[in-house]
Amino acid sequence: MLKILLPTIMLFPTTWLVSKKWLWPTSLGHSLIIALLSLSWFKWNSDISWDFSNQYLAIDPLSAPLLVLTCWLLPLMILASQNHITPEPIIRQRTYITLLISLQMFLILAFSATEMIMFYIMFEATLIPTLIIITRWGNQTERLNAGIYFLFYTLIGSLPLLIALLALQNNSGTLSMMIMQYSQPSELLLWADKFWWMACIMAFLVKMPLYGVHLWLPKAHVEAPIAGSMVLAAILLKLGGYGMMRIIVMLNPLTKEMAYPFMILAIWGIIMTSSICLRQTDLKSLIAYSSVSHMGLVAGAILIQTPWSFAGAITLMIAHGLISSALFCLANTNYERIHSRTLLLARGIQVALPLMATWWFLTNLANLALPPTPNLMGELLIISSLFNWSNWTITLTGLGVLITASYSLYMFLMTQRGPTQSHITSFNPSYTREHLLLTLHLTPMFLLILKPELIMGWT
Amino acid sequence: MNPTTSTITILSLGLGTTLTFIGSHWLLIWMGLEINTLAIIPMMIHQHHPRAVEATTKYFITQASASALLLFASVTNAWTTGQWNLTELLNPTSATLTTIALALKIGLAPLHFWLPEVLQGLDLITGLILSTWQKLAPFAILLQLYPLLNPNLLTLLGILSTIIGGWGGLNQTQLRKILAYSSIANLGWMIIILHYNPNLTQLNLILYIIMTLTTFLLFNTFNSTKINSIASSSSKSPLLSIMALMTLLSLGGLPPLSGFMPKWLILQELTKQNLIIPATIMAITALLSLFFYLRLSYTTTLTMNPNPLNMSSSWRTKTINPNLLLTMMASLSILLLPLTPAIITTIM
């Protein structure tokens, strides 16, 4: 555990002491080595117990895939930001990379925390670097509003969570996850217990985001620079899912009745947000709403708490993380060339950038959950378990899959096919860096087709 | 100010607080508070412009009324119980009157109305002394009296203070008024936990003093008193403006900065005492203060040249050199959270 955490912390002095010429290669190289070492977390010795543990940090099959994704994402973020950050003064470049590294450190501590208060503090700690990335390095005036929405939506959900965790510690004596899984489910009969249930869950639902409280996400994703969008889509949303999976074992038997409104919001949100995707003019906004749609499936799955649904939830979280991040990178390749996110302004790109069209194609196929991608495996497990919970959900989730396929295809056809815009006279050809970035996103997805048990959690 | 005058003033400030700290006779404690009030008056008024004179007059009247009320409470206690000892304030009327008098002294809501206007009339260093040093003596009294005070009154003062401190600061553009409302909100947090764990009040007071010291010194270094002029801070000293961002977020109570520590521990203690609803109210109203800290940090650090939409260019007459006190306090106000276990075991 420490063999990954300490090198990550040592990346801070590396960033500040390395000479200007070697800043980007060094940070990229070292974070890639850390990502390679983090693959060792996939070897676990028994199916459901905690591994690699010390007194405060441990890994189990739920957190291992998320941790590997976190460590994998840092070199990808550095690779993606290289083009638009390099013109800035060297100190600001170092500050930017420091913010990315600090996000990685907080995320590693959050996913491997064994105590809920540690998880809470790290969960909140990820807000500050993300806020700084969005508001300082975003490109439009709306980024300030986006930062406020992001911070306040998350905090209004998570401050009651803090109080609920402290109340739980008062009642059960401990907040260590290792012990909590053995505690007796408590009698939860009063109105106050219903509020406690809601306080525990709301923070994670806002983070995921659930459909009714999702307004921060399109703003934050759209206004953030590429590294901010990548980390938000790939990992920060999954913090909500992970937290919910950890806390929901303590919330029985109340979940059976109290989950209904949130299930409705989650499943209806799939339809609503995917439909909005069909009408978007802003490319990044389209990808952001698609994130809400996929995470609605995950939220619904976690709330019903069956083994298949949990496996589907983790699988979809990892697969969606990789693919959503890849889609943002592809949108960024457009943005860096024409400095606009408008979908109509960059049509028919296949003629200009043919190999990029391949990546667009593969990523969009994965987004619409084509077999045999892990996206499909996740969605299939979730849809089946939702069908088991209530037969009627298949209408909504099936419709959602259909609309997802429609907007993914729409996104592909709008950007790649059709007449090339005549106003785009000089389009830089694709950099090798961009191809490498997308390969590094898609290769894990292809490898996961071969061994999906790595990301399926406890089952 | 003439060196002799400033020596007398500063030493009298120290004398007043020390008298209150060491006193166990009510008259001595009252004397210490009065000496504090009188000693800071020359500091507040030495520039003689009308706003400073108005601020000084308001400060003097409110503090004198508070001291008179405190004297009345102690005299009533002496009349009914026959002794002047500090910790034997057994008459409940006297205890309530003492609480209200001390609330007026430090600026707790609903007795906070003087604080923003007084702070606005002072220069930054005098305002710093008003916000930090002048709070020590009343809190010394409160920390010794804590079992005798009415917990309902303290909870009411606390919740009102966080609400008013949060809402009042939202419409302000003057930095000193923002810091006044931030002071009111933080005092609310300190007072609500007084009855259940006075050590947490003390911890919160110390951390609040550190963070306020940092903020005032930062504003003083940038020589700015309005949001307009702090907007140009990132061109004067980018490093200090980053420290300003971190300090403001720490004042707002965001983890993993040290401002989170008192809020976390206070919420934990309130939850243990089964005061869940006050705890939730306090936590949510802290978000109001966070909004104006965040807005301030937007203009200070996160929006930069060449887009100074609300920036007024100013003459730069001195070079920015952070002094040792500023950097020490800034480090403490950002990085203390991991030391929480050590701090808890030391003070509790």
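Keep in mind that this is a model prediction, so the values were computed, not measured.

Chemist: So what exactly am I meant to see when it comes to the overall build of chain B here?
Modeler: Assigned secondary structure in chain B consists of 16 helices and zero strands. Taking 2.2 N^0.38 as the reference for a compact globule, 348 residues should give roughly 20 Å; the C-alpha atoms of chain B span a radius of gyration of 20 Å, in line with that estimate. Each principal axis of the C-alpha atoms in chain B carries an extent, and together these give about 70 × 50 × 35 Å. Looking at chain B as a whole, 58% of its 348 residues are labelled buried. Taking contacts inside chain B between residues at least 6 apart in sequence as the whole, the part at least 24 apart equals 78%. Only carbon and sulfur atoms are counted for the fraction: they give 68% of the accessible area of chain B, which is about 13600 Å². Taken together, the 13 basic and 6 acidic charged side chains of chain B have centroids lying 16 Å from each other.

Chemist: What is the right way to look at the UniProt feature "transmembrane region" (unreviewed entry) in chain B in this model?
Modeler: Residue and element names in this part refer to chain B. The UniProt entry lists residues 57-75, 95-115, 153-171, 178-196, 202-219, 239-255, 275-294 and 324-344 under the feature "transmembrane region" (unreviewed entry), expressed in the numbering used here. Structurally, residues 153-171 comprises 84% helix and 0% strand, and the distance from its first C-alpha atom to its last is 28 Å. The span residues 178-196 is 79% helix and 0% strand, and its two end C-alpha atoms sit 29 Å from each other.

Chemist: Explain the interface of chain A and chain B to me, please; I cannot follow it from the model alone.
Modeler: You'll often see interface size given as the accessible area lost when the parts meet. Chain A puts 28 residues into the contact, and the matching count from chain B is 28 residues. Overall, the association of chain A and chain B removes approximately 2600 Å² of surface from exposure, summing both partners, and the carbon and sulfur fraction of that is 84%. Per-residue buried area on chain A facing chain B is highest for Ile128, Phe152 and Ile163 of chain A; these three make up 23% of the total on that side. The tally of links between chain A and chain B comes to zero salt bridges. Seen at the junction of chain A and chain B, the total is four residue pairs in polar contact (both at pLDDT 80 or more). Within the residue set of the side of chain A that touches chain B, elements represented by two or more residues are helix H4 (90-112), helix H5 (116-125), helix H6 (127-137) and helix H7 (143-172) of chain A. Counting residues per element, the side of chain A that touches chain B draws most heavily on H7 of chain A, at 16 residues. For the side of chain A that touches chain B, a count of residues per class yields 20 nonpolar, four polar and four charged.

Chemist: Quick question: what am I supposed to make of unusual backbone geometry here?
Modeler: Leaving glycine out, the prevailing phi sign among residues is negative, and the prevailing peptide bond configuration is trans. The peptide bond linking Pro371 of chain A to Pro372 of chain A adopts the cis configuration, its omega dihedral lying at -5°. With respect to the element layout, Pro372 of chain A can be found in the loop between helix H16 (354-367) and helix H17 (374-389). With an omega dihedral of -5°, the bond running from Pro255 of chain B to Pro256 of chain B counts as a cis peptide bond. Residue position: Pro256 of chain B is located in the loop between helix H12 (238-252) and helix H13 (260-272). Look at Ala369 of chain A: it is not a glycine, yet its phi comes out positive at around 65°. Here Ala369 of chain A shows up in the loop between H16 and H17.

Chemist: Is there a simple way to think about the domain arrangement of chain B in this case?
Modeler: Residues and elements named next belong to chain B. Per the domain assignment, the segments of chain B are domain 1 (9-149) and domain 2 (161-306 + 322-347). Averaged C-alpha coordinates put domain 1 and domain 2 at centres separated by 23 Å. Taken together, the contact between domain 1 and domain 2 spans 25 residues of the former and 30 residues of the latter. Of the roughly 2500 Å² buried at the junction of domain 1 and domain 2 (both faces included), carbon and sulfur atoms supply 80%. Its largest share of buried area at the contact with domain 2, domain 1 owes to Gln120, Leu124 and Phe139, together 26% of the area lost on that side. On the surface where domain 1 and domain 2 come into contact, there are four residue pairs in polar contact (both at pLDDT 80 or more). Sorting the residues of the side of domain 1 that touches domain 2 by element identifies helix H5 (114-120) and helix H6 (124-145) as the ones contributing at least two each. The element contributing the most residues to the side of domain 1 that touches domain 2 is H6, with eleven residues. The class makeup of the residues in the side of domain 1 that touches domain 2 is 17 nonpolar, six polar and two charged.

Chemist: Hey, could you run me through helix H10 (residues 216-223) of chain A in this one?
Modeler: Note on helix geometry: an α-helix contains 3.6 residues per turn, so any two residues three or four positions apart are oriented the same way. By the criterion of burial, H10 of chain A is predominantly enclosed, with seven of the eight residues buried. Turning to H10 of chain A, the residues buried within the fold contact H6, H7, helix H9 (191-207), helix H11 (226-247), helix H14 (283-304) and helix H15 (307-338) of chain A.

Chemist: Can you walk me through a nonpolar patch on the surface in this structure?
Modeler: Together, Leu2, Leu6 and Ile9 of chain A make up an exposed nonpolar region whose accessible area comes to about 240 Å². Here Leu6 of chain A shows up in helix H1 (residues 2-17).

Chemist: Got a minute to help me understand the packing of H14 of chain A against H17 of chain A in this structure?
Modeler: The geometry of a pair of packed helices is captured by two quantities: the angle between their axes and the separation between those axes. All names here are of chain A. Close contact between H14 and H17 brings their axes to 10 Å; oriented N to C, the two are set at 50°. As judged from the angle between their axes, H14 and H17 are oblique. When you trace H14 past H17, the crossing you get is left-handed. Every residue of H17 that contacts H14 at His294, Leu297, Val298, Gly300, Ala301 and Ile304 is listed here: Glu379, Ile382, Ile383, Ser385, Leu386 and Trp389.

Chemist: Sorry, what's going on with the nonpolar core here?
Modeler: Nonpolar side chains tend toward joint burial in soluble globular proteins. Ranked by size, the top nonpolar core spans 209 residues in total, and within it Trp41, Phe119, Leu151 and Ile302 of chain A carry the most contacts. Excluding residues that lie within four positions of it along the chain, Ile302 of chain A makes contacts with Met208, Gly241, Met244, Met245, Ile248, Phe310 and Ala313 of chain A. Met44, Met190, Phe216 and Phe222 of chain B belong to the second largest nonpolar core, which has 75 residues in total.

Chemist: Mind showing me how you'd approach the pattern of salt bridges here?
Modeler: Should the charged atoms of two oppositely charged side chains come close, the side chains can pair. Residue and element names in this part refer to chain A. Within the structure shown, the criterion is met by nine salt bridges over all chains. For Arg246, the salt bridge goes to Asp60, with nearest N and O atoms at 2.6 Å. Here Arg246 is found in helix H11, whereas its partner Asp60 is found in the loop between helix H2 (23-38) and helix H3 (63-85), with 186 residues between them in sequence. One exposure class covers both Arg246 and Asp60, and it is buried. With a closest N to O distance of 3.1 Å, Arg341 and Asp282 form a salt bridge. Of this pair, Arg341 sits in the loop between H15 and H16 while Asp282 is found in the loop between helix H13 (260-277) and H14, placing the two residues 59 residues apart along the sequence. In this structure, a network of salt bridges that share partners links the residues Glu336, Arg337, Arg433 and Glu434.

Chemist: Looking at this model, I keep getting lost on the side chain of Ser285 of chain A. Mind explaining?
Modeler: Residue and element names in this part refer to chain A. Among the secondary structure elements, Ser285 is positioned in helix H14. The buried category is assigned to Ser285, whose relative accessible area is 8%. At 3.1 Å, the side chain of Ser285 forms a polar contact with the side chain of Gln280. Every residue in contact with Ser285, bar those within four places of it in the chain, is listed here: Val222 and Gln280.

Chemist: Help me understand H9 of chain A, please; the structure alone is not making it clear to me.
Modeler: Along its 17 residues, H9 of chain A runs 25 Å from first to last C-alpha, staying within 8% of the 24 Å computed at 1.5 Å per residue. All of the buried residues along H9 of chain A are Asp193, Trp196, Trp197, Ala199, Cys200, Ile201, Ala203, Phe204, Leu205, Val206 and Lys207 of chain A.

Chemist: It is not clear to me how empty space enclosed by the protein should be interpreted in this structure. Could you clarify?
Modeler: Which parts of space are left empty comes out when a probe the size of a water molecule is rolled across the atoms. Inspection of the entire model under this criterion finds nine cavities of 30 Å³ or more. Counted as a void, the largest cavity has a volume near 120 Å³. The wall of the largest cavity is formed by 17 residues, among which Leu159 of chain A together with Gly252, Gly253, Lys263 and Ala286 of chain B lie closest to the centre. Mapped by element, the contributors of at least two residues to the lining of the largest cavity are H5 and H7 of chain A together with H13 and helix H14 (276-302) of chain B.

Chemist: Could you clarify how one ought to interpret the UniProt feature "domain: NADH:quinone oxidoreductase/Mrp antiporter transmembrane" (unreviewed entry) in chain B in this entry?
Modeler: This chain's UniProt record puts "domain: NADH:quinone oxidoreductase/Mrp antiporter transmembrane" (unreviewed entry) on residues 25-288 of chain B. Spanning residues 25-288 of chain B, this segment combines 78% helix with 0% strand, and its end C-alpha atoms are found 41 Å apart.

Chemist: So what exactly am I meant to see when it comes to the environment of Trp268 of chain A here?
Modeler: Residue and element names in this part refer to chain A. Along the chain, Trp268 falls in helix H13. Overall, the relative accessible area of 43% leaves Trp268 in the partly exposed class. For the pair Trp268 and Leu297, spaced 29 residues apart in sequence, the C-alpha separation works out to 9.8 Å. The residues contacting Trp268, other than those within four sequence positions of it, are Tyr211 and Leu396.

Definitions and cut-offs
Residues numbered from 1 in each chain as written. Chains lettered and ligands numbered in written order. Predicted model: local features only at pLDDT ≥ 70, side-chain atom pairs only at ≥ 80, totals over all residues. Heavy atoms only, no water. Helix = DSSP H or I, 4+ residues; strand = E, 2+ residues; numbered from the N terminus. Rg over C-alpha atoms; globule rule 2.2 N^0.38 Å. Buried < 20%, exposed > 50% of the residue type's maximum accessible area, 1.4 Å probe, protein only. Contact = heavy atoms within 4.5 Å. Areas by Shrake-Rupley, 256 points an atom, 1.4 Å probe, with all protein chains shown as cover. Lys, Arg positive; Asp, Glu negative; His and termini not counted. Charge placed at Lys NZ, Arg CZ, Asp CG, Glu CD. UniProt positions renumbered as here; feature names shortened; annotations may be inferred. Buried area = accessible area lost by both parts, 1.4 Å probe. Salt bridge = Lys/Arg side-chain N within 4 Å of Asp/Glu carboxyl O. Polar contact = N/O pair within 3.5 Å; in protein donor to acceptor, adjacent residues only side chain to side chain. Nonpolar A, V, L, I, M, F, W, Y, C, P; charged D, E, K, R; others polar. Domains from an automatic or database assignment. Patch = residues over 30% accessible without salt bridge, like charges linked within 9 Å, V, L, I, M, F, W, Y side chains within 5 Å. Axes fitted to C-alpha atoms, helices over the stretch in contact; angles between N-to-C directions. Parallel < 35°, antiparallel > 145°, perpendicular 65-115°, else oblique. Left-handed = near helix turned anticlockwise from the far one by under 90°. Core = buried A, V, L, I, M, F, W, Y, C linked by side-chain atoms within 4.5 Å. Expected span 1.5 Å × (residues − 1). 1 Å grid on protein atoms, 1.4 Å probe; cavity = no way out; pocket = protein on both sides within 12 Å on 5 of 7 lines; lining within 4 Å. Points joined across faces, edges and corners; volume = space filled by probe spheres on them.

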